[in-house]
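Below are the chains, spelled out letter by letter.
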Amino acid sequence: MTETLRYALIVLFCSAVGLVAVLANRLTERFKIPVPLLVLVGTAVAVHTVPVVQPPSERIVERVITIALVLVLFDGGMHIGPARFRAAVAPILSLGVVGTAFTAAGAAVMLHYACGVSWFPAVLVATAVAPTDPAVVFSVLGKREIRGRSGTILEGESGANDPVGISLMSSLIAAGGLSAAGFVGMGTQFTLQMAVGLAVGVIGGRVLLVFMRRVALPSEGLYPLRTLACSLMLYGIATLAHGSGFLAVFVAGIVIGDARAPYKPEIKRFHAALAGLAEIVAFAVLGLTVDIAVLAHPDVWIPGLALGVALTLVIRPLAVGSCLVPIRLQRNERVFVLYAGLKGAVPILLGEFLRAAHVPDAERLYGIVVVVVIFSVLVQGSSVPGVARLLRLPMRTVQTQPWEIGVRLADEPEGVHRFSVARGSTAEGCTVEGLSDRVGDIWVSIVVRTTGLVPVRGDTELRAGDEVVVLADPELHDSLAELFGRS
């Protein structure tokens, strides 16, 4: 076979994997098996059955997954935005930093005493499996969206604990063992990475926002490419400054999340699609590194399965539960956050770090990490919808809206406000004319209901869930927000 034909076969295989992963989202709605697991298992089988498919080098895996994580974290930060982040900042930081450390400590103790793993390897594996991935949770929930702060907490926790886990793992590998001097050096390096990453993210996000608002580009298609280039640039700047590049891009995404900028909807859709592709690529590449023969060894799958069960039922509830004690949450939301800490691509990436660093017995340690992730995604992840129903978690069904109506303007509009009518709000049941009587000089221009556009007249009555576009003085925004918000 010529090199051209070999390359064409690889392209065909990769595109087929991508298409199957996209179409598999329909399958997950019925069977509740997350798409990432299907991709991981599919590529792991393919690498052992298709001769042309070969495992990539450790360096290639690390570089591909790094770029994929940058894309996922930047989009995750934009999805949260500063408003949602401020509403849940305490639990996000507590779970993302302290909760991750407590989870790693509990897992290390369990591996050492219950499975007989030496302390340093136990700490390495525990650090690898500590980070979470909410994308798996939302994958199995399908079209249902979690109401309240629990969804934001899960998203924010993952965005925070991914950089924390990666920084801890890098520091541990650099220390080369457990000692007082090693812990001091690890603490210093970790603090530096977090501080520099946070500073670069905040400053870089604000500079990027100014750049987006003030520097026009000749083509609409260039605007998303600019934010993509800038997010990658922020990762590089933070990393070169010995900071956490992953934390920098996550924070930068939060900074620009709610801000208005030219072509902002197009930018957000572009990055959401890119993040979805990045997740598929990450699990596909990681699947190519999985050796099924290694996973079949009893000294791999037994500790991995035991650790997965312990993390789900004991370690995370205790570690994260202690962090949530001072946080005001409904009981069902609290229980769901404790249960839904699923594992994803980052633990396997951290396991790959162990192999790249040639840690003793790295193949076995990597296999244990993979088994934990498979258990978490398959068993724990598949049960998430049932747990959500059992807890009567407040949720809403998100209907796809493939059609869009909009107006393009050359200048930024002043006094345009968009609200969603909350159930129980003052606006629910109120007429358009009644809104004007309550607030003053306003103009309701568009009302969108699940059935479509609603003709706007003075006697048009607003219902819960309606999307309403209002033209009014910018100073009336807070008054309008009170009308449309939950009373």
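An unreviewed UniProt entry lists the chain under the name RCK C-terminal domain-containing protein, with Mycobacterium paraffinicum as the source organism. Under the UniProt heading Subcellular location (unreviewed entry), the entry covering the chain gives this text: "Cell membrane".

S.K.: So what about the overall build of the chain? Which residues, and what values?
M.R.: Summing up its helical and strand segments, the chain has 18 helices and six strands in all. Looking at the chain as a whole, 49% of its 487 residues qualify as buried. Contacts spanning at least 24 positions in sequence make up 80% of the contacts within the chain whose residues lie at least 6 apart. Accessible surface computed for the chain: about 23,600 Å², of which carbon and sulfur atoms make up 64%.

S.K.: Summarise helix α15 (residues 345-356); cite the residues concerned and give the values.
M.R.: A rise of 1.5 Å per residue sets the reference length of α15, with its 12 residues, at 16 Å; its end C-alpha atoms lie 16 Å apart and thus fit the reference within 8%. Taking burial as the measure, the 12 residues of α15 include 11 buried ones, the bulk of the element. Turning to α15, its buried residues number three or more, namely Ala345, Val346, Pro347, Ile348, Leu349, Leu350, Gly351, Glu352, Phe353, Leu354 and Arg355. One or two steps after α15, the chain reaches His358, where phi turns positive at roughly 55°.

S.K.: Mind laying out the packing of aromatic side chains, listing which residues take part and the relevant values?
M.R.: Within the structure shown, the criterion is met by four aromatic pairs. A ring pair is formed by Tyr113 and Trp119, whose centres lie 5.7 Å apart and whose planes are at 85°; its orientation type is edge-to-face. A centroid spacing of 4.6 Å and a plane angle of 45° characterise the contact between Tyr223 and Tyr263, whose relative ring orientation is tilted. Within this pair, whereas Tyr223 is found in helix α9 (residues 222-240), its partner Tyr263 is found in the loop between α10 (245-257) and α11 (264-288), the two being separated by 40 residues in sequence. Residue placement shows Arg226 over the ring face of Phe211; its charged tip is 4.7 Å from the ring centre. Positioned over the ring face of Tyr366 is Arg355, at 4.3 Å from the centre of the ring.

S.K.: With reference to specific residues and values, describe the pairing of strand β4 (residues 442-449).
M.R.: Residues in a regular strand project their side chains so that they alternate between the two faces of the sheet. Here β4 pairs with strand β6 (residues 467-472) via six bridges, running antiparallel. Note on β6: the bridge partner recorded for Ile446 is Val469. Pairing of β4 with strand β5 (residues 452-453), which is carried by two bridges, proceeds in the antiparallel orientation. Across the sheet, residue Val448 finds its bridge partner in β5, namely Leu453.

S.K.: Please give an account of the side chain of Thr43 that cites residues and values.
M.R.: Looking at where Thr43 falls in the secondary structure, it is placed in helix α2 (residues 35-49). A residue is classified by how much of its surface remains accessible, and Thr43, at 2% relative accessible area, is buried. In terms of polar contacts, Thr43 uses its side chain to reach the backbone carbonyl oxygen of Val39, at 2.9 Å. A distance of 3.3 Å separates a polar side-chain atom of Thr43 from the backbone oxygen of Ala284. If we skip the residues at most four places from it in the chain, Thr43 touches Val17, Phe283, Ala284, Gly287 and Leu288.

S.K.: A description of the sheet that holds β5 should follow, citing residues and the corresponding values.
M.R.: The pairing of strands in a sheet comes from backbone hydrogen bonds and takes either a parallel or an antiparallel form. Read across the sheet, four strands follow the order β3-β6-β4-β5 without closing on themselves; strand pairing throughout is antiparallel. The open sheet is flanked by β3 (416-420) and β5, the only strands paired with a single partner.

S.K.: Please give an account of the packing of helix α3 (residues 58-87) against α11 that cites residues and values.
M.R.: Where α3 contacts α11, the axes come no closer than 8 Å and their chain directions differ by 145°. Our pair here, α3 against α11, has a crossing hand that is left-handed. Contact residues: Val61, Val64, Ile65, Ala68, Leu71, Val72, Phe74, Asp75 and Met78 in α3; Lys268, His271, Ala272, Leu274, Ala275, Ala278, Glu279, Val281, Ala282, Val285 and Leu286 in α11. Residues that form the contact of α3 with α11 fall into these classes: 16 nonpolar, one polar and three charged.

Reading the values: rules and limits
- Residues numbered from 1 in each chain as written.
- Predicted model: local features only at pLDDT ≥ 70, side-chain atom pairs only at ≥ 80, totals over all residues.
- Heavy atoms only, no water.
- UniProt positions renumbered as here; feature names shortened; annotations may be inferred.
- Helix = DSSP H or I, 4+ residues; strand = E, 2+ residues; numbered from the N terminus.
- Buried < 20%, exposed > 50% of the residue type's maximum accessible area, 1.4 Å probe, protein only.
- Contact = heavy atoms within 4.5 Å.
- Areas by Shrake-Rupley, 256 points an atom, 1.4 Å probe, with all protein chains shown as cover.
- Expected span 1.5 Å × (residues − 1).
- Phe/Tyr/Trp six-rings, centres within 6.5 Å; stacked < 30°, edge-to-face > 60°.
- Lys NZ or Arg CZ within 6 Å of the ring centre and 35° of its normal.
- Pairing = 2+ DSSP bridges.
- Polar contact = N/O pair within 3.5 Å; in protein donor to acceptor, adjacent residues only side chain to side chain.
- Axes fitted to C-alpha atoms, helices over the stretch in contact; angles between N-to-C directions.
- Left-handed = near helix turned anticlockwise from the far one by under 90°.
- Nonpolar A, V, L, I, M, F, W, Y, C, P; charged D, E, K, R; others polar.

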